[in-house]
Each structure stands twice: as C-alpha cells, then as structure tokens.
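# Architecture and fold: a report
Read off the chains here:
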Amino acid sequence: MIHGLSKNIAEFYGDKEGYTQDKIEVCTYGLELIISDIIAIFIVMIAAVFTNTVLYTITLLLVFASIRLQAGGFHASSHLKCNLLFFAAYAVSVLLVKFIPINITKYLISIMNVISIIEIIMYAPVAHLNKPVSKKKKKKCRYRSLIMAIVFSVASIILSVCLPMSQYAIAIALGLFWVGLSIMSETLKQKRVTK
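Residues numbered from 1 in each chain as written. Predicted model: local features only at pLDDT ≥ 70, side-chain atom pairs only at ≥ 80, totals over all residues. Heavy atoms only, no water.

Attention now goes to the overall build of the protein chain. On a plain count of helices and strands, the protein chain comes out with seven helices and zero strands. The secondary structure elements of the protein chain, listed N-terminal to C-terminal, are α-α-α-α-α-α-α. Dimensions along the principal axes, computed over C-alpha positions, put the protein chain at roughly 60 × 40 × 30 Å. Taking all 195 residues of the protein chain together, the buried fraction comes to 35%. A fraction of 77% describes how many contacts in the protein chain between residues 6 or more apart in sequence connect residues 24 or more apart. Entry remark: accessible area of the protein chain is about 11,900 Å², with carbon and sulfur atoms responsible for 71%. Taking the 20 positively charged and 9 negatively charged side chains of the protein chain as two groups, their mean positions are separated by 16 Å. (Helix = DSSP H or I, 4+ residues; strand = E, 2+ residues; numbered from the N terminus. Buried < 20%, exposed > 50% of the residue type's maximum accessible area, 1.4 Å probe, protein only. Contact = heavy atoms within 4.5 Å. Areas by Shrake-Rupley, 256 points an atom, 1.4 Å probe, with all protein chains shown as cover. Lys, Arg positive; Asp, Glu negative; His and termini not counted. Charge placed at Lys NZ, Arg CZ, Asp CG, Glu CD.)

Right, dumping it as structure tokens:
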C-alpha cells in the first residue's frame, strides 16, 4: 500500500519533471520512508494520548530523532520491521516512565546516559552500507552526536533531580539509549555482512 502510493506520487511528479526511471525509483523510496514515518509517528501520538504521555513522547521523539540524524543507526530489512522495532522500543519506554519507582529514576538515567555516551564514542556515526559517508562528514557527525549526547545527558540528570520533571529526564535518557543501541546494532550487523 505505502509502496504503491509512493510510486504513484513519484511517477506523477517525475513524469512532469522529466525524471529518469532511476530517479523516480529513488523518489519512490524516499516517499516510502516519509509516509512510513508519518504513519508511525501518528500511531505513537495516538498511543501517547491514550497513555497520557504526550509531552513525554514528544521529548523522547525529539531527542531520538536529533541524535539519530547525526549518529546514524540500525536499518531493518523492511519498513514493517523498522516500525515494529520502533513501536516495541516506544512501548518499553512508556512502561518505564509509567511504572519505574521515582527513587531509582536518577540511577537508571545515569546508567543509560553512560552506556549511550560510550556507544556513541565507540560506534558513531554509522552509515548505511549503500550510502557511504566521507571521512570529513563522519568526523563532523561524530563530534555533533557526542556534543548532543553530553548536553542531553546533563539535561536529563538535572531534570531527574526535580521530581515533577523526572519523566522528561527518563524520556531524554531513553532517547539517547535507543540511539546508542541502534548504532551499536547496525555496526555489528555491518561487520557480520562484510565478513
């Protein structure tokens, strides 16, 4: 369904602009990603309304997306698998924020922040095998992702001290943690493929 819609849109505009078939295929793939992401975010926001975690969810998504843009991350073999992993990570995140005792929040946040920063130092950025990145861009992305991770970590630790804000501290730490796990997973996957 998503592929068909993306293909129709890409062919419609591609024909008007005189795109080659290769360029239309690239546009189709890009549109698939955009439509798939919009659907996933829409579903997650509906879940956030029902679980009363809208601001928490927005915080989590903003942290995850901003670091992921710089650090890269795991690429599933299909949009469905990608979205299923995304929904599973989101469900775990909501369960943690809803049921984690406040007295252990700051310890969990500190542990997740340390793990995330170590993973970013070790693995970031990780590019998809089909889309290599220059050494100069890798260095810039590595620096940016590390700076962002440190800033977000400090913010989460500060917020964890303020009890009414501890849920946002968890959201920030989990956003970092999922990116760290994602870049480590993609790096290990690529090492297996290239052996």
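Here we come to the state of the cysteines. Tallying each qualifying case throughout the model produces zero disulfides. In this structure Cys-82 is a free cysteine whose sulfur lies 19 Å from that of Cys-141, the closest cysteine sulfur available. By relative accessible area, which is 34% here, Cys-82 ends up partly exposed. (Disulfide = S-S within 2.5 Å.)

With that settled, the discussion passes to the environment of Ala-155. Here Ala-155 shows up in helix α6 (residues 135-161). Its relative accessible area of 27% is what places Ala-155 among the partly exposed residues.

With that out of the way, let us pick up a positive patch on the surface. Together, Lys-131, Lys-136, Lys-137, Lys-140 and Arg-144 make up a region of like positive charge exposed at the surface. Residue Arg-144 is classed as partly exposed on the basis of its relative accessible area of 39%. (Patch = residues over 30% accessible without salt bridge, like charges linked within 9 Å, V, L, I, M, F, W, Y side chains within 5 Å. Salt bridge = Lys/Arg side-chain N within 4 Å of Asp/Glu carboxyl O.)

Of the volumes computed, that of the largest pocket is approximately 1,800 Å³. In terms of lining residues, the largest pocket is bounded by 49 residues, among which Arg-68, Gly-73, Phe-74, His-75 and Cys-82 are the most central. Listed by contribution, the elements that provide at least two residues to the lining of the largest pocket are α2 (21-51), α3 (54-71), α4 (79-99), α6 and α7 (166-194). Of the residues belonging to the lining of the largest pocket, the class tally is 29 nonpolar, 15 polar and five charged. (1 Å grid on protein atoms, 1.4 Å probe; cavity = no way out; pocket = protein on both sides within 12 Å on 5 of 7 lines; lining within 4 Å. Points joined across faces, edges and corners; volume = space filled by probe spheres on them. Nonpolar A, V, L, I, M, F, W, Y, C, P; charged D, E, K, R; others polar.)

Next up on the list: the nonpolar core. Tyr-56, Ile-67, Ile-170, Leu-174, Trp-178 and Ile-183 are the most contacted members of the largest nonpolar core, which totals 33 residues. When residues of this core are assigned to their parent elements, the largest contribution, eleven residues, is made by α7. Residues contacting Ile-67, with those up to four places away along its chain left out, are Gly-72, Ile-120, Ser-145, Met-148, Ala-149, Phe-152, Leu-176 and Val-179. (Core = buried A, V, L, I, M, F, W, Y, C linked by side-chain atoms within 4.5 Å.)

A rise of 1.5 Å per residue sets the reference length of helix α1 (residues 2-17), with its 16 residues, at 22 Å; its end C-alpha atoms lie 22 Å apart and thus fit the reference within 8%. Of all the residues in α1, the buried ones are Ser-6, Ala-10 and Gly-14. All buried residues of α1 project into a common sector of 50° when viewed along the axis, lining one side. Away from the buried face of α1 by more than 90 degrees, exposed residues Asn-8, Asp-15 and Lys-16 are located. The secondary structure elements touched by the buried residues of α1 are α2. (Expected span 1.5 Å × (residues − 1). Arc of directions from axis to C-beta.)

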